[in-house]
Every structure is written in structure tokens, then in C-alpha cells.
Amino acid sequence: MATETYESLPETSPMGAPLDWAWLRGAKSEWGVRPKPSPRGLTMLDIAVGSYAEPQDHPLHRSMAPRGADIESGGPDMGYIVNDKSSVWADNVTELYEEAVARQWSATRDVPWGELRELPDDVEHAMCQLCTLLTEVEMIAADLPAKWMWRMNHDFIEAKMFLCTQIMDEARHAEVFRKRALSNGGGLLLSRSQPTSLLRTIIEAKTYTQATALMHLLGEGFVLDIFRMGELIAPTDVEKRIFRLCMQDEARHVAYGTMHIRYAIEHDPDVAEEIHEALDHGEIVLTDFGGAPDVSTALAVLLAGGVEHVEDKGFPLSMELSKKQFSSYLARCERAGISRLDRTKIPLDLLGIDPETIRAAGGSAPKGGRDAA
Amino acid sequence: MRPDEAAFFDALAREMNADPERFRRYGDADFVAVVTMRRESGDAFCVRLVIEGVACIDVTEIDADEAALADFGIDGPLHAWQAMFDDIVANGRATGLQTLNSLALLGNEITLVGTDPMGLDKFSRFNQTLQEFFDGAARVAADAPNRGG
């Protein structure tokens, strides 16, 4: 605490207005706190010290006052409805924010657009159809956090900051897929109703935790695997680069969602059932979306390198990759503490997924990696 | 220089650390990865890579039973790794189906392994950094024309 008392300060301004020196006269703040920058600079993790570190489980005030400040009582209520830390927090959220800031990229500068070359018509059509779909669905992961963020208690600032990075990421994804669709002679193609059904299910979730289960765990996990697949099937280095860069962003969002669900259930076990209910419905809608003719055919053509081998190569490979997609999702659910193996609506037998393999592997805690602490 | 020896990965680490700007455009990364190369003779070469920020701060040959102590592992037969590095050397970077993500996604020979989905997701989160690290093999090869022994 500051020790100076500053006795001789004026009580009124030159204009005669009363002055308040409370901020100077030894407020209760952690005077003298000097967190040391890490080798890469002063990170949010570095400044998470003392009373500035983690938010309380149930912060009482409802203003935008910064956490750790001396907060005057009686301020206006901002109308927050997400006031429990377990409803928004994840143990890795601060780390993910720093990662997001450090790994931003530009859809204008960081994609070698000049290397685009003319593709066979069927491949260009397929790529444009996929880009049409991705341009449509990516912004849901911006709209949804935006819908909830202003309702989140401001003490959860790190979570809100991370969601801001996600909104920027999704804007860039919509930008890069729109640019790709329009830049090589194909343009935007068909938009049908299945994606909208999925997006509406996500945006209309009743709670933020339900919404994040549907979006981060289910929807973005699914799209993450499409991006991984996209890097595999990209006809040129331009698309390869696009998908690889998007994949990195999407994996961050999935990492937040997985760890948020885990945190929510650990701190409020009753929330598990509401997550299950959301995923019961979400899996059906997502399965419809994944099997929608425009999505599955475009992916199969890209996997086959054209329409000629779509049946003997494209669809079998697509089926194999679908199995990986759903296996990844179910493994993440295990890690999040919301096992879906006995409840899922996904046709595991049809996909050839062995639930016991996932059960054995998915629930393990981290061992020696960077998150181990 | 053979890929199934620590000296090769030490050289990749030197490449990374000598040119941080090449990696800074992707941003900081933090992960521990284990690369396992299975030889036809039945034994395996395992190396642990620790990437922090824009530097590779540790390369250590480890026993196979320590491979699980990482965020993720990439595991495959030596001939598949050799094919990947040959592609990198021939083209200056991994191309076509020879990128790490493509190989691991197909999983025909080289597979992404790990017990923690969050660790496995780091393979995706830091994929560009990891790929750039491996692409350094092109420059390592240029510096060591007798590679392939």
C-alpha cells in the first residue's frame, strides 16, 4: 500500500469544483506489484498475480469496473446474466488468448494469391462449393460469442478477450473463403437449408454453456477436421495455405470449448444434463448437415481429384475421414468430461467406430505436455 | 545425414534458431512433440522436440516408452519419413500429400498419436510452425550434400 498521505492537496479545482484524491491516498490496490515480463514480452499470464489473478467464482458487482480495482458501490447494473465463473471459464483461456494474438494472420497478405492457377472445371466447382459453405457457416462462431459477450460479467475479462479473438478469426475465415470463391473464375455456388438449420440450432441455445458445447465442441470440431481435410485435398498451394492457417485458429476455438465444458461440469455437475440435451439435438442436425448432398459431393470430388474417380476413390476416402471426424468429436467429449458414447445419436456401427477405443483414450488427463501443469 | 538420428534433428533445430523471423510470422508456439521412426530391423528412433516461442529449445533422443510424455507424437515407419524428407528436399518444402497434416490425417503409415485430445489438438494449433520446422530439412540437406547415407 502507498504510504504517502499528500496532506497539502487542494480540496477544490481552480474553477471551484470539489476534488477527490481517493485514488492517490493509498487505495487498497496492490501497490508495488511488478510482474516480470517473460522472454516473449509481458503476457496476460505474467500479470495474473495476487488479487489480479483469477476471477471469483461468483463476482457480485455488475459493472464494467476492471477486476482488482477499488469499485465504488451503487454503480449502474450492466444487466449481466452470465455471472458464474463456471459458465464461461476455461483453465487454458488466458494462454489461448495470448496464442491467438501471437498467431494472427492476414487473408490479404499471407496467402499467395498470385500463385492461383486455372483448375479443371469440376475441381474449381467443388472448391467453390466448399468455399460457399464455409463462408456461410464460419460467421456463426463470431455471431454466437457476440450474442453472449455483453451478457457476461466483466470480471471474466480474459474469457471475453479470447472470444474477441475468435470473432476476429471467424471474420478472417469468412473473408478468405469468400476471396477464394471469387478469385479463380468459379464464384459462390449453392446455399441450401441444412447449414441454416445447424446455425440456428447453435445461435438459439438457451445457455452459453449449451451454446459453446454446440459450437466449439461439436460444430467447430467438425469444421476443424474439414480444414485438416482441406489441407490434404487442396488442389494448389494457395488452398493448402488457407486451410492450414484456418486449421490453427479453429483448433484454438475447439481447445477453449473443450476445456470450458470440462470446467463447467467440474464446478457444477448439474450442468452436464443440459449439455447432453443440447448435444442430443445438435448431433442429429450436424449429421444431417454433414450428409447434405452439396457438402458430401463437393468433398468427395476434391478427395478424388475430380469427378472421374468420385465413386471408387472420393466417397470411400470421405467415409474414412468422416469416421475420423466423429471419433475426434467423441474423444473430445470424453476429455471434456461429457461422455457421449452411451448416448450419442451418431451411427457408430455404420461408421465403424469402436466406442471402447475412444473411452480408453479420450478421458486421460494431460501427462507431460505444455498444459500438464 | 540420416533422418533417424538426433544429429539430424539438432540440425533442424539450428535451422529454426538461426532464422527466428521465418517462424515469427506464424507467431509463438508452445508444444512438446515426439517423432518416432520405426526401422525395418524392428527398433525405433524416438526424438523429443520442445518448441517454445519461435525457438526449438530442446532435442533429445528418448526411449520409446517415454514417447507418451508429450503433447502429441507422430509415429511411422522410417521409409515413410524418408519419403517425406525426400519430397521436402526435392521441392524446398513439403508438397502434395507429404505434408505432416496430410500424412497424419490419412494415417496410412504416419499417424498422430497421443492420449490427450487437447495435446493432439496442438498438432493442429501449431501446425504451420511444425511444418516449417520440418521443411528446414531442405536447407539442412543443402548444407550436407552427403545426406541419405
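Note that the structure is a prediction, hence the values are computed from the model and not measured.

### Remarks on the overall build of chain B
Right, on to step 1. Helix and strand content of chain B: 7 helices and 5 strands.
Right, on to step 2. Of the regular secondary structure in chain B, the N- to C-terminal order runs α-α-β-β-β-β-α-α-β-α-α-α.
Right, on to step 3. Taken over C-alpha atoms, the radius of gyration comes to 14 Å for chain B, in line with the 15 Å a tight globule of 149 residues would show.
Right, on to step 4. Its C-alpha atoms give chain B principal-axis dimensions of about 40 × 35 × 30 Å.
Right, on to step 5. The long-range fraction of contacts in chain B, counting pairs at least 24 apart against all pairs at least 6 apart in sequence, stands at 68%.

### Brief notes about the overall build of chain A
Right, on to step 1. A tally of helices and strands in chain A yields 12 helices and 0 strands.
Right, on to step 2. Overall, the C-alpha framework of chain A stretches about 90 × 50 × 40 Å when taken along its three principal axes.
Right, on to step 3. Counting over 373 residues, chain A shows a buried share of 43%.

### So, the domain arrangement of chain A
All names here are of chain A.
Right, on to step 1. Along its sequence, chain A is carved into domain 1 (1–14 + 22–79) and domain 2 (85–362).
Right, on to step 2. Measuring from the centre of the C-alpha atoms in domain 1 to the corresponding centre in domain 2 gives 39 Å.
Right, on to step 3. Domain 1 puts 11 residues into the contact, and the matching count from domain 2 is 11 residues.
Right, on to step 4. For the side of domain 1 that touches domain 2, the class distribution of residues is 6 nonpolar, 3 polar and 2 charged.

### Comments concerning helix α4 (residues 157–183) of chain A
Right, on to step 1. Between its first and last C-alpha atoms α4 of chain A spans 39 Å; for 27 residues at 1.5 Å apiece the expected length is 39 Å, and the two agree.
Right, on to step 2. Phi turns positive one or two residues past the end of α4 of chain A, at G185 of chain A, with a value near 95 degrees.

### Examining the interface of chain A and chain B
Right, on to step 1. Taken together, the contacts link 31 residues of chain A with 28 residues of chain B.
Right, on to step 2. Elements with a minimum of two residues in the side of chain A that touches chain B: α6 (208–233), α7 (237–267), α10 (310–336) and α12 (355–362) of chain A.
Right, on to step 3. Along the lines of polarity and charge, the residues of the side of chain A that touches chain B split into 14 nonpolar, 6 polar and 11 charged.

### Remarks on the nonpolar core
Right, on to step 1. In terms of nonpolar packing, the biggest core is built from 140 residues, with L130, I202 and L302 of chain A together with L12 and A33 of chain B touching the most fellow members.
Right, on to step 2. It is α6 of chain A that contributes the most residues to this core, 15 residues altogether.
Right, on to step 3. Once you skip the residues sitting within four places of it in the chain, L302 of chain A turns out to touch V123, A126, M127, L130 and I233 of chain A.

### Let's talk about the pairing of strand β1 (residues 29–38) of chain B
All names here are of chain B.
Right, on to step 1. Counting buried positions along β1 yields 10 of 10 residues, so the element is predominantly enclosed.
Right, on to step 2. Bridge analysis of β1 against strand β2 (residues 44–53) gives 10 bridges, and the strand direction is antiparallel. When the bridges of β2 are listed, A33 appears paired with L49.
Right, on to step 3. Linking two consecutive strands that pair antiparallel, namely β1 and β2, is a turn of 5 residues; a positive phi of about 105 degrees is found at G42 within it.
Right, on to step 4. Note that β1 and strand β4 (residues 72–77) share 6 bridges and pair parallel. Bridge pairing in β4 links V34 to G73.

### So, the packing of helix α2 (residues 121–138) of chain A against α4 of chain A
Residues and elements named next belong to chain A.
Right, on to step 1. At a closest axis distance of 8 Å, the pairing of α2 and α4 adopts a crossing angle of 155 degrees. In this view, α2 runs roughly antiparallel relative to α4, as classed from their interaxial angle. Where α2 crosses over α4, the handedness of that crossing is left-handed. In this structure, α2 uses C128, C131, T132, L134, T135 and E138 to contact α4, whose residues at the interface are E170, H173, A174, F177, R178, R180 and A181.
Right, on to step 2. Looking at side-chain class alone, the contact of α2 with α4 contains 6 nonpolar, 3 polar and 4 charged residues.

### Some remarks on the sheet that holds β2 of chain B
Sheets are built from strands that pair by backbone hydrogen bonding, the pairs being arranged parallel or antiparallel.
Residue and element names in this part refer to chain B.
Right, on to step 1. Judged by pairing direction, the sheet is mixed, and its 5 strands sit side by side in the order β3-β2-β1-β4-β5 without closing on themselves. Each of the sheet's edge strands pairs with one partner strand only, and the pair in question is β3 (55–62) and β5 (111–113). With direction set aside, neighbouring strand axes in the sheet form an average angle of 20 degrees.
Right, on to step 2. Packing against the sheet, helix α1 (residues 6–18) makes contact with β2 and β3, and its axis sits at approximately 175 degrees to β3.

### Topic: α6 of chain A
Right, on to step 1. In this model, α6 of chain A (26 residues) spans 35 Å end to end at C-alpha, consistent with the 38 Å of a helix rising 1.5 Å per residue.
Right, on to step 2. With 26 of its 26 residues buried, α6 of chain A lies for the most part within the structure.

### Focus on the environment of K313 of chain A
All names here are of chain A.
Right, on to step 1. Secondary-structure assignment places K313 in helix α10.
Right, on to step 2. Given 15 C-beta atoms within 10 Å, K313 falls into the partly exposed group.
Right, on to step 3. A C-alpha to C-alpha distance of 39 Å links K313 and R262, two positions 51 residues apart in sequence.
Right, on to step 4. If we skip the residues at most four places from it in the chain, K313 touches L303 and A304.

### A look at the confidence of the model for chain A
All names here are of chain A.
Right, on to step 1. The pLDDT averaged across chain A works out to 90; a share of 95% of its residues lies at or above 70.
Right, on to step 2. Averaged over each element, pLDDT in chain A is lowest for α12 (82) and highest for α4 (97).
Right, on to step 3. Ignoring residues within four places in sequence, the model shows residues 364–373, a span with pLDDT below 50, making 26 contacts including any to other chains.

### Observations regarding the pairing of β4 of chain B
All names here are of chain B.
Right, on to step 1. Burial analysis of β4 places 5 of its 6 residues in the buried class, which makes it a mostly covered element.
Right, on to step 2. Of the pairings in the sheet, the one linking β4 to β5 comprises 3 bridges and is antiparallel in character. Residue pairing across strands places G73 opposite V113, the latter belonging to β5.

### Structural notes on the environment of R103 of chain A
Right, on to step 1. Looking at where R103 of chain A falls in the secondary structure, it is placed in the loop between α1 (93–102) and α2.
Right, on to step 2. R103 of chain A sits in the buried class, given 22 other C-beta atoms within 10 Å.
Right, on to step 3. Setting aside residues no more than four positions away along its own chain, R103 of chain A makes contact with Q248 of chain A together with Y26 and G27 of chain B.

### Points about the environment of Q166 of chain A
All names here are of chain A.
Right, on to step 1. Here Q166 shows up in helix α4.
Right, on to step 2. Taking the number of C-beta atoms within 10 Å as the measure of exposure, Q166 has 26 and is therefore buried.
Right, on to step 3. With 93 residues separating them along the chain, Q166 and S73 place their C-alpha atoms 33 Å apart.
Right, on to step 4. Excluding residues that lie within four positions of it along the chain, Q166 makes contacts with A141, P145 and H253.

About the criteria used
- Residues numbered from 1 in each chain as written.
- Chains lettered and ligands numbered in written order.
- Predicted model: local features only at pLDDT ≥ 70, side-chain atom pairs only at ≥ 80, totals over all residues.
- Helix = DSSP H or I, 4+ residues; strand = E, 2+ residues; numbered from the N terminus.
- Rg over C-alpha atoms; globule rule 2.2 N^0.38 Å.
- Contact = placed C-beta atoms within 7 Å.
- Buried ≥ 20, exposed ≤ 12 C-beta atoms within 10 Å, placed from the backbone.
- Domains from an automatic or database assignment.
- Nonpolar A, V, L, I, M, F, W, Y, C, P; charged D, E, K, R; others polar.
- Expected span 1.5 Å × (residues − 1).
- Core = buried A, V, L, I, M, F, W, Y, C linked by C-beta atoms within 7 Å.
- Pairing = 2+ DSSP bridges.
- Axes fitted to C-alpha atoms, helices over the stretch in contact; angles between N-to-C directions.
- Parallel < 35°, antiparallel > 145°, perpendicular 65-115°, else oblique.
- Left-handed = near helix turned anticlockwise from the far one by under 90°.
- pLDDT = per-residue confidence, 0-100.

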